[in-house]
Each structure stands twice: as structure tokens, then as C-alpha cells.
Amino acid sequence: MLSIKVITNSSSASHYYSEADYYAKDGEEDIASEWRGAGAEDLGLKGEVQKDQFKDMLDGKLPDGTELGRQTREGDKQHKKGWDFTLSAPKSVSVLALAGGDRRLIDAHNEAVKTALSHLEERYAMTRQQVDGKVKEVDTKNLIIGSFTHTTSRAMDPQLHTHNVILNLTKRPDGHWRSVESRKMYDASTKIGQVYRNELAQRVRALGYEVESNAKKGTFDISAVPKDVRKGFSKRRQEIERAAEKYGYRTAKGMDNAAVRTRSAKHHANANALVEAWGDELKRLDYAPERDIEAAKARADDDTRTVADNAREALDFARSHLSEREATFSVDELEEAALRSDIGNVTIDALEREIAKDKDSGALVEAVLAKGRSRIPAFTTPAALKKEAYTISLMQRGKGEMRPISSRGRVSAEIEDRGFTKGQASGARLLLTSKDRVVGVQGYAGTGKTYMLRSVREVAESRGFKVRGLAPTGSAAETLQEETGIESRTLASHLTRLKNLKNVKQDKKEVLIVDESSLQNTQDAADLLTFSRQTRSRVFLIGDREQLGAIEAGKPFDQLIKGGMNYATMSDIMRQKDSPQLKAAVEASIAKQPREALNQISETVKEIPNRDDRVQAIVDRIKGLSEEERKRVLVLIPDNDTRRLVNEKIRDGLQEKGVVSKDEVSVTGIANRGLSRTEKGLARFYNKGDTVIFGRDVKKLGTTADTPYTVVDRSDSTVTLTGPDGKNTEWNPSEIAGRAKNGVEV
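Remember, predicted model here, so these are calculated numbers, not experimental data.

Cut-offs used in this document
- Residues numbered from 1 in each chain as written.
- Predicted model: local features only at pLDDT ≥ 70, side-chain atom pairs only at ≥ 80, totals over all residues.
- Heavy atoms only, no water.
- Helix = DSSP H or I, 4+ residues; strand = E, 2+ residues; numbered from the N terminus.
- Buried < 20%, exposed > 50% of the residue type's maximum accessible area, 1.4 Å probe, protein only.
- Contact = heavy atoms within 4.5 Å.
- Core = buried A, V, L, I, M, F, W, Y, C linked by side-chain atoms within 4.5 Å.
- Pairing = 2+ DSSP bridges.
- Axes fitted to C-alpha atoms, helices over the stretch in contact; angles between N-to-C directions.
- Parallel < 35°, antiparallel > 145°, perpendicular 65-115°, else oblique.
- Left-handed = near helix turned anticlockwise from the far one by under 90°.
- Nonpolar A, V, L, I, M, F, W, Y, C, P; charged D, E, K, R; others polar.
- Arc of directions from axis to C-beta.
- Right-handed = clockwise from strand over helix to strand, strands pointing away.
- Phe/Tyr/Trp six-rings, centres within 6.5 Å; stacked < 30°, edge-to-face > 60°.
- Lys NZ or Arg CZ within 6 Å of the ring centre and 35° of its normal.

Student: I'd like a description of the side chain of Lys191, backed by residues and values.
Tutor: Locating Lys191 in the fold gives a position in helix 7 (residues 189–206). With relative accessibility at 1%, the residue Lys191 sits in the buried group. Contacts of Lys191, omitting those with residues within four sequence positions, involve His119, Arg123, Tyr124, Asp332, Glu335, Glu336 and Ile348.

Student: An account of the nonpolar core is needed here, citing residue identities and associated values.
Tutor: The biggest cluster of nonpolar side chains holds 89 residues, and the ones touching the most others in it are Leu105, Leu120, Met185, Tyr209, Leu334, Phe694 and Trp731. Once you skip the residues sitting within four places of it in the chain, Leu334 turns out to touch Leu315, Ala318, Arg319, Leu322, Phe329, Ile355, Leu364 and Phe379. In this structure, Phe420, Leu432, Leu453 and Ile513 belong to the second largest nonpolar core, which totals 26 residues.

Student: Tell me about the sheet that holds strand 2 (residues 32–36), and name the residues and values.
Tutor: Hydrogen bonds between backbone atoms are what pair the strands of a sheet, whose relative direction is either parallel or antiparallel. One open sheet accounts for five strands, arranged 1-5-9-8-2; its pairing is antiparallel. Two strands close off the open sheet at either side, each with one partner strand: strand 1 (2–7) and strand 2. In this sheet, adjacent strand axes meet at a mean angle of 20° when their direction is disregarded. Looking at chain direction, strand 8 (residues 145–152) and strand 9 (residues 158–167) are connected through seven bridges and run antiparallel. Its bridge partner being in strand 9, His150 is matched across the sheet by His161. Here helix 1 (residues 10–18) sits on the sheet in contact with strand 1, strand 5 (82–88), strand 8 and strand 9, set at roughly 50° to strand 8. Contacts between helix 7 and the sheet are confined to strand 1 and strand 5, with strand 1 contributing the most and set at about 130° to the helix.

Student: How would you explain the side chain of His494 if you had to name every residue and give the values?
Tutor: When you line up the elements, His494 lands in helix 21 (residues 491–500). Those residues in contact with His494, other than ones at most four positions away along the chain, are Leu470, Arg489, Leu512 and Leu528.

Student: I'd like a rundown of the packing of helix 14 (residues 331–341) against helix 15 (residues 348–361), residues and numbers included.
Tutor: At a closest axis distance of 11 Å, the pairing of helix 14 and helix 15 adopts a crossing angle of 125°. Classified by the angle between their axes, helix 14 and helix 15 sit oblique to one another. Helix-helix and strand crossings are classified by hand; for helix 14 and helix 15 the assignment is right-handed. Taking contact as the criterion, the partners of Leu334, Glu335, Ala338 and Leu339 in helix 14 are, on helix 15, Ile348, Leu351, Glu352 and Ile355. Residue classes in the contact of helix 14 with helix 15 are distributed as six nonpolar, no polar and two charged.

Student: Please provide a residue-by-residue account of the packing of helix 7 against helix 14, values included.
Tutor: Relative to each other, helix 7 and helix 14 sit at 35°, their axes nearing to 10 Å. Relative to helix 14, the crossing made by helix 7 is left-handed. Of the residues in helix 14, those touching helix 7 at Thr190, Lys191, Gln194, Val195 and Asn198 are Asp332, Glu335, Glu336, Leu339 and Arg340. Taken together, the residues of the contact of helix 7 with helix 14 break down into two nonpolar, three polar and five charged.

Student: Can you lay out unusual backbone geometry for me, pointing to particular residues and giving the numbers?
Tutor: Of note, the phi angle at Lys141 is positive, near 60°, even though the residue is not glycine. Among the secondary structure elements, Lys141 is positioned in the loop between strand 7 (134–139) and strand 8. The class for Lys141 is partly exposed, based on a relative accessible area of 42%. Despite not being glycine, Asp706 has its phi angle at roughly 65°, a positive value. Turning to its location among the elements, Asp706 is positioned in the loop between strand 23 (691–694) and strand 24 (708–714). For Asp706, a relative accessible area of 63% translates into the label exposed.

Student: Quick one: what's the story with the sheet that holds strand 23, residue by residue and with numbers?
Tutor: As summarised here, the arrangement of the five strands in space is 26-25-24-23-27, forming an open sheet in which the pairing is antiparallel. Taken across any chain shown, the strands that pair with only one partner, and hence form the sheet edges, are strand 26 (728–731) and strand 27 (744–745). Sheet topology note: the strand 23/strand 27 ladder contains two bridges and is antiparallel. Across the sheet, the residue bridging to Ile693 is Glu745, located in strand 27.

Student: For helix 20 (residues 474–484), give the residues involved together with the corresponding values.
Tutor: Among the residues making up helix 20, those that are buried are Ala476, Ala477, Leu480 and Thr484. The arc that holds the buried residues of helix 20, viewed along the axis, is 100°, so those residues lie on one side. Residues of helix 20 that are exposed and point more than 90 degrees away from the buried face comprise Ser475 and Glu482. Buried residues along helix 20 sit in contact with helix 19 (449–462), strand 18 (466–471), strand 19 (487–490) and strand 20 (510–514). Trailing helix 20 by a residue or two, Gly485 shows a phi angle of about 80°, which is positive.

Student: Tell me about the pairing of strand 19, and please be specific about residues and values.
Tutor: Relative to strand 19, strand 18 runs parallel, the two sharing four bridges. Considered in strand 19, the bridge of Arg468 is made with Glu487. You can see the chain leave strand 18, run along helix 20 and come back into strand 19, and the turn it takes is right-handed.

Student: Which residues make up the packing of aromatic side chains, and what values go with them?
Tutor: All chains considered together, the criterion is met by eight aromatic pairs. Each ring, one from Phe694 and one from Tyr709, has its centre 6.0 Å from the other, and the planes form 75°; the classification is edge-to-face. Placement of Phe694 in strand 23 and of Tyr709 in strand 24 is noted, with a sequence separation of 15 residues between them. Overall, Phe694 belongs to the buried group, its relative accessible area being 1%. Judged by centre distance (5.1 Å) and plane angle (70°), the ring pair of Phe694 and Trp731 falls under edge-to-face. Of this pair, Phe694 sits in strand 23 while Trp731 sits in strand 26; the two residues are 37 residues apart in sequence, bridging distant segments of the chain. By way of ring pairs, the aromatic residues Tyr686, Phe694, Tyr709 and Trp731 are connected into one cluster. In this structure, Lys509 is placed above the aromatic ring of Phe465, and the distance from its NZ or CZ to the ring centre is 4.2 Å.

Remember, this is a structural readout, not a statement about activity or role.
Listed below in C-alpha cells is the structure:
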């Protein structure tokens, strides 16, 4: 795994990292440190990291006399120190390497660390530079890194890990040393951790060990080390888990918080005594690692044994997996998904070679994703471009094909009678007078779209048109119908009905209003516009380009606007009209001015830094409200751990007041794992205990639709399922149902 910590104090950091913490069976106590990075090489820094020099460089003082930092009023210089990117080996590797004495695994870890850091430096090392009066991010491809390999956890269990302290120093192309722009390094942190794990896993396999991996999480362990042994040497992890349970943490971020709450000073021990203690623990756990180490060495010496390089298959998987949900995906997303899918058989170097081949062949098309002010390298696929072009062509072919629903004069009269805002008037006028089959309304939240659509329905129905509403979810369809009077259903059910009809009837008087169109994916948009040509229906797309996009690939609402679809814009905020400050904040948000938006509401925002105090303040506030007041209050919690805790405490508080009954009913539910169809088609993405539900009867397997089956085992290609009758069924998801749309849920 990879964890990141900001270095704030050079004195304590130089002391901590330089202290001896290197213990291993058959090894000597040592301070295992090393300078790494092209920046270190440029300065002539090699070999062991010296404590005093390390401290100076953390403070921004280079060996050549250069000193970085901002001048303070007192005349001193302030300089951000750096970041500790710690890479940790899986527990099974640590047990065999340190308690078992297989020093080959320590070398494998060090080489994997080197690969991960080289990738980090090559792709994400950058600084800022003023170019033509503008400050721009500049790639430097050099870092100064002090690496310190430690071998124990705070509970003194074997834990092989390397602290890689990235100093806040990098050399620009013009030769000047400047501070590091760290944002891209942070953004790529999960991928860098994956690069390390894949490199380590392949090297572990080359040493003769078999690995077991979790393709969804991107983790692995050595199969030979029993789970109870891994757990027995994970006292620190158990301490964190107990704290997490106590404080209600369940997510990765929550576990980090639990680690901070339980962190104690690190102890140091006599090397011989510590190794002897590990040996006693191995005996208690009835595990002799020597047998597995010798067996691995024998397998590694077998000349016929090879370690697979499945970079091609992994890349094909990643492209298919990501294309299901995004028409365009970042290079990092592609590489991380490919690495995670086949740990032990794919490395970053091999993967980059395959990506280069796909770029040359056109299987991957270079693109750019916008993230704030940044432009992120990305890819799309020929299939996605073709689908996008087809959808846009359907919209363009419908231009000028229809007669207006109503005359401009009558629409103007309706607009005046109903007191529309400028945006509402623009939307109604376009929908009712356009000659295009497909038109849109870009409407921000709170701009009165509901009132405008109700009016459009009334005018259209008075002219003999049948208005139908479509929405992405059942609840959204229900809301649309209740608030506008438009008979509504989900878009998916509408398309399914049309696909099942033998003969599609034409109806020039049908108007389809698609609400929340920004949540539509490209395939559904293409199907909708294809059928609308067959039925001769009009399609009015109502959406907000600034909202989150579709769960599946593509952003057709935005693409259609860019492709020339006539649309109206509604930006007059109505919802917050009684609160000038809140309205100004919303308008600033729409204008992409977050600082101004926050300034507008600063007087009404109460900040409580401590999480426990913050949770209690929320709970007390809700408990103090009347029933009617509670109905009008929405509590927004950004993380699941805190959300669960707040809900539990609010419920307990309302029970104490007698508002909520203390009678309880426990219900066991199942949560969808969110696998893509590509992931569902591979056995390695299934775990023991998973519930599998087929979307249709499968006679070949003897399974029935909507029946829960439990995963009891899996191999490289098959999954063993147990049904309600207790019978086992061998299933190959790549051949049956796994990749089919609505074929199976996990």
C-alpha cells in the first residue's frame, strides 16, 4: 500500500528517519537509507542519507548554497519541507522476508519501490513557471528522494516498508531549483501504489511463490502464508480496526483516521530479541516458513517455469471496462485498471509498450480531460467517437422537419400571462415554436424549469399533442409527473417497450420531455433518437451540463449542444430569491467562482474542526427541532462513516424523546458491488461469499432468474455457486451471462 504524510518539521523528521529500524532474521541491524531520483543525481547525492545534510535539504538548503523559501517579516525563510510517500509490502511478504529470513523478498521490495518512484518522477514531477506573463505548470522529470527502509510496525510486528521522503525541490528546464507542485503526485497516489504492488507481485512470483490477488482492490498476498499467520502478525492493524469500530469508521479514509487516533511512539528493540520473539510467535501459530521458502527456491530454479506477461489482455480488459462508463478516460485510469486486473502478470513497463502500440494502430485515440484549470492526458475509442457522431447526426437530420406546436404570437401571450423570467420565456418559446425534432433546455438548479414545463404541457395539450415524460430513475419520473402533470416513466422502460414491439407506430403528435438529460448515456441517447425518427416524435431534452454525468459511457446532452442542437438557457435563480446572500452564492457557483460563493455565506457557516464535536453539534441541532422543522432540514455528510454515525445518534436521540419507537426490526440486505459487465465476465473478480443473481433462467446451468446464489469457490476461469437447494454449480462467467447487459448482478 501507499500512504502519504506531509513533513512539517525538519529536525524531528531527520531524527525519525535516520534511526535504526532494520531487523531481519539472519541479517544485521542497519540504517537502510539511500538517495534516489534524478534531482539527487544532479547534485551528486549517492548512497546513504546523512542526517545533517538531509535536514538542511528539508529546509530548502542545497549543497551548492542555493536556498529556497519565502522571506518572513523576521528575515527568516519559510520553506515547505516535503512529503513522505511510504510503500509497504503485504503482510505475507513481510513475514517470509523478515521472520522467515528470505532476503530475496527484501531485494524484490526494494526493486519494486525503485520502479514506482521512477514512474512517479517521470510522469508527475513538476513545478510552476511564469511564461509570457502567465503562471504555468512545467514538467521537470526530476526529484530528490531520501528512501529509508524500516522493518517493524508500531506494534513491533514484521512490516517491511520504505519511507520515501520527497524533498520540496526540483530543477526546472531552465536550470533553476524551485519548489515542487505536488497536486499531480497526490492525484496519482493510488496508481503509484498499484505500480509498486504489480512490480512486487511479479518479482515474488519469479522467486517461486504463488500469489492470491483481489482484482477489484488491486491487492495480493503470498498464498503459502496462512491467513491466521498474517492476522497474528498484524497487531497494529487489529488495533486500528478496534478503533474504527469504536468511532464508526468503515471507509479507507476512516481507517486512516483510526490509525492517527491510535498512533503511539515507535519503539526500538534489540535485533536478536525481536527476531527471537517473531520465532516464538511462529511456533505459537504452528507455522514453519522455512518449508515454503525452500519450496519457492526450488520452483524458481526450475528452468521450465515462466512468469506470464499479460499486458495485452490487461489493456484490452481496462479499455472495455472503462468504456462502459466513460467515453473518455484518463491515461492514469486506464493504466491503473489494467494493472489491478491481473496482479503478478502485468507491470507498468510492459503495459506502456502495449498502450503505445494501440495509439499507433488507432485502437486508442488521444484526448484531453478538463479538471479545473488542468488538462489531463486521456484516451477515447473509435467506437465511442462513432456512437457520438451517430447521435449528433440523428439530431442534425431532424432540423427543420417539424411544424411548430404553437404560433409565436400565442406563445408570447402565454409568456406574458404567466409572468415568466427571461430564462423560462426562452425555454418555453424554443420548445413550442421550434421546427426541429430535437431541442434542449440548459437549466441550472432552481431556475423554475418545473413551472415552465407545466406551462408547455398545457399549451401543447390544448393543440392536440400528447406530452410524455421520461426520467433516469423511477423516483425522478414520479416527481416529474407530480410537479408538472406530465405522464412519466423511466427512460429505460420506454426504450425496452419500443425494442419489444414488432411494429413501431408513428405519432407526429407525441412530445417526449426527457428530464435530467445530463444523466443520459450515449447508448440510450442514440436509441431514443433512433426510435423518435421511427415514431415521428419530438424530443425535448432538459438538463444541466454542470451536473454529474451518466453512470454509463458518454455525455450526450453536452455533446449534442456542442454538435449544434438548438437550446435555451435558464439561469435566473428562483429557488433562493428570498435570501439575497444565498442567491448570490449560487450565482457565483454557476459562474465557477467558488471563493466568492463561500464568501457570500461565510457569516452563516459555523466551522467545527473536531469531528466528534461536529457530529454532536449536528445531532443536538436536529434533536432540538420540531417535527415540522425537521421535515424541512437536509443533513449533508460528505463521507459514509460520519453519515452512519450521525444517523445512529439522531435516531438514538429521537428515541429518547419518544419521537421514534424503540421497537427494532433487523433486516439483512445485499449491496451491489458495482462491477462493470467486463468485470462480471472474469472469474477473478468474484469473491467467496458474493451473492449472484441471474437476470434470466439459464437452462445450461440449471439456474433461475432472480434467485440468489452464493459464491463458495473460484478458480482462474470458473466460479462455484451454491443455490437455495444446496447444490453446487460450476459457472464460467466469460461464456454465460457474465458480460451480457442485465445478465447478472453481483
